[in-house]
Amino acid sequence: MDKNFQEEITQIIKFQPPLYKQRYQFVKDLVEKYKPKKVADLGCADCSLLWMLKFCHCIEVLAGLDICASVMKEKMHTLSPLPVDYLQPSERSLTVTLHHGSVAHKDPCMLGFDLVTCIELIEHLEESELKKFPEVVFGFMAPSIVVISTPNSEFNPLLPRVMLYRHPDHKFEWSQAQFQSWALETARCYNYSVEFTGVGHPPTGMEKIGFCTQIGVFVRKYPQTGESVQSEKPSEAVYKTVFKAVYPSLKDEKYLQNAVISEVIFAAQIIKHRLLSKRKEYGDDPERKSKFQPSMDCFPDYLGKLVIEKNMEPFVSGNEVYIPLTTIFSFPKVNRLCGTFEKLCKLIAGKVTLSSDGSAVMFNIEHENEDN
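Criteria and thresholds
Sequence order as written defines the numbering, with residues in each chain counted from 1. Per-residue local features of the predicted model are confined to residues with pLDDT of at least 70, and side-chain atom pairs are confined, for both listing and counting, to 80 or more; whole-chain, interface and lining totals are unaffected and use all residues. For side-chain calculations, the full set of non-hydrogen atoms in the structure is used, while hydrogens and water are omitted. UniProt positions are given in the numbering used here, feature names are shortened, and annotations may be inferred rather than shown by experiment. A pair of strands is considered paired only if DSSP assigns at least 2 bridges between the two. Working definition: helices are DSSP H or I runs of at least four residues, strands are E runs of at least two. Numbering for both runs from the N terminus. A fitted line through C-alpha atoms represents every axis, and for helices the fit uses only the stretch in contact; the resulting angles, taken between N-to-C directions, go from 0 to 180 degrees. Here a residue-residue contact requires only that any non-hydrogen atoms of the pair lie within 4.5 Å. Relative accessible area decides the class of each residue, using a 1.4 Å probe on protein chains only: under 20% of the type maximum gives buried, over 50% gives exposed, and in between gives partly exposed. Summarising the geometry, the arc corresponds to the directions from the helix axis toward the C-beta atoms.

Going by what an unreviewed UniProt entry lists, the chain is known as Small RNA 2'-O-methyltransferase and is assigned to Helopsaltes ochotensis. Of the chain, the UniProt comment under Catalytic activity (unreviewed entry) reads exactly: "small RNA 3'-end nucleotide + S-adenosyl-L-methionine = small RNA 3'-end 2'-O-methylnucleotide + S-adenosyl-L-homocysteine + H(+)". The record in UniProt for the chain states the following under Sequence similarities (unreviewed entry): "Belongs to the methyltransferase superfamily. HEN1 family."

Colleague: Hey, could you run me through the sheet that holds strand β9 (residues 315–317) in this one?
Modeller: Pairing in this open sheet of three strands is antiparallel, and the strands run β9-β10-β11 from one edge to the other. Each edge of the open sheet is held by one strand with a lone partner, namely β9 and β11 (360–364). Taken pair by pair, the neighbouring strands of this sheet meet at an average axis angle of 25°, ignoring direction.

Colleague: Can you help me understand the environment of Cys58 in this one?
Modeller: Topologically, Cys58 is positioned in the loop between α3 (48–53) and β2 (61–66). Separated by 20 residues in sequence, Cys58 and Lys38 place their C-alpha atoms 8.8 Å apart. Not counting the four nearest positions on each side in its chain, Cys58 is found in contact with Val31, Lys35, Pro36 and Lys37.

Colleague: It is not clear to me how helix α14 (residues 341–348) should be interpreted in this structure. Could you clarify?
Modeller: Of all the positions in α14, only Leu344, Leu347 and Ile348 are classed as buried. Each buried residue of α14 lies within a common arc of 85° when the element is viewed along its axis, so the set occupies one face. Counted as exposed and oriented over 90 degrees from the buried face of α14: Glu342 and Lys346.

So, in C-alpha cells, the structure goes:
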C-alpha cells in the first residue's frame, strides 16, 4: 500500500508510530522471536521491509518478489552493501535477491524459506490469483511460518475519504469474519495453525471493530519433507531476477584473512610501541638495549597477565622487535577470528613479516631509532 496515500487517509485517526511502521515492527519482532535464516517478502514493493530486515543478524538470505519491477528498482540500491560493510565485514553471510513475478506462479527460487511475509498483498490480487495463492505459498513454498496482513474493512468508516476501499488498486477488503474464515480454511488444507492479531488499535469503546490492519500468523504443523518439495518443483524458473547483492562476510576466507592481518598488525604495534617506550629508559648503553627484556608494567593489565602466565615475552634484539605469535593469538579478537593457532599461522603466511622460524612477528626499528 502506498505510504503517502495511507497517511493522508488516516490523518484524523493518527497512529503512532505510523501504521506501516507498526506492520514492519510486527514482522521484525517475529524474526527476533523465531530467528529464521531465510526470509522472503512477497509483494515487497519499494523494499522498505527488506531494508529493515537486513539488519537482523539471524537472517542469511533475503528475497523479495513483486509484480511491478519499476517500483522495486526505485529503491533496490538501498539493499546494496555500504563501504563500512567491506571495512568491517560481518560474521554472518547475507545474500539479498529481488525477483520480478507473480505470487500466482511457482518458481524453485522460492523454496526452502523459513519465513514468508505477505504484508498488505492479498487485497491487490485478482480473484484468479487469490485462488492460486494458497497453493503457491502454503503448498509449494511451504515455509515454517507465513505472516499475512490485510485491511480490516470494519475499520473503514473511521477513516476519512474512504468510500469503498482504502486504495484504488485494492480488489477487495475483508471484514474480520471473512479474513478469519479464509485463513482457517487455508490453514486446514495445508496443515498449518493460525493465530489472529493486528496493528492499529481502534478508539476506546469501539474495540469490537478490531485492528485497522488484521494479521494472521500461520505456523506449519509438520516438517516439509525433501521428497514432497522435489515432486512439486517446476523444471524451469518463471521469475526474473532484477537485483542480487552478496554482502562481505568473515565466512569468506578472503575477508577473514584481511580482518585477521589487520588485527595481528594492530596487536603487534601496540606491544612494539610499549616495548620501545620502556626501552628509552635504558639510555644509550648498546649492551643494555640489545639485552632488554620488558617488565610487566610495559603492558596493559590483561596482556601483562597473559605474558606472565604463558611465558610469551616479546623482546628487542638489535634493530629488530619480536612479538611471539602466541602472544598475539591471545588477544581476544584475534583468538575469536581465528579459532585455532594453526588457522592464525595459515592466514598470515606470506602477508606479515615473521622471524626466520615463523614463531614471531618481526619489526625492523632502524629508521625509528634514527628518528629518535
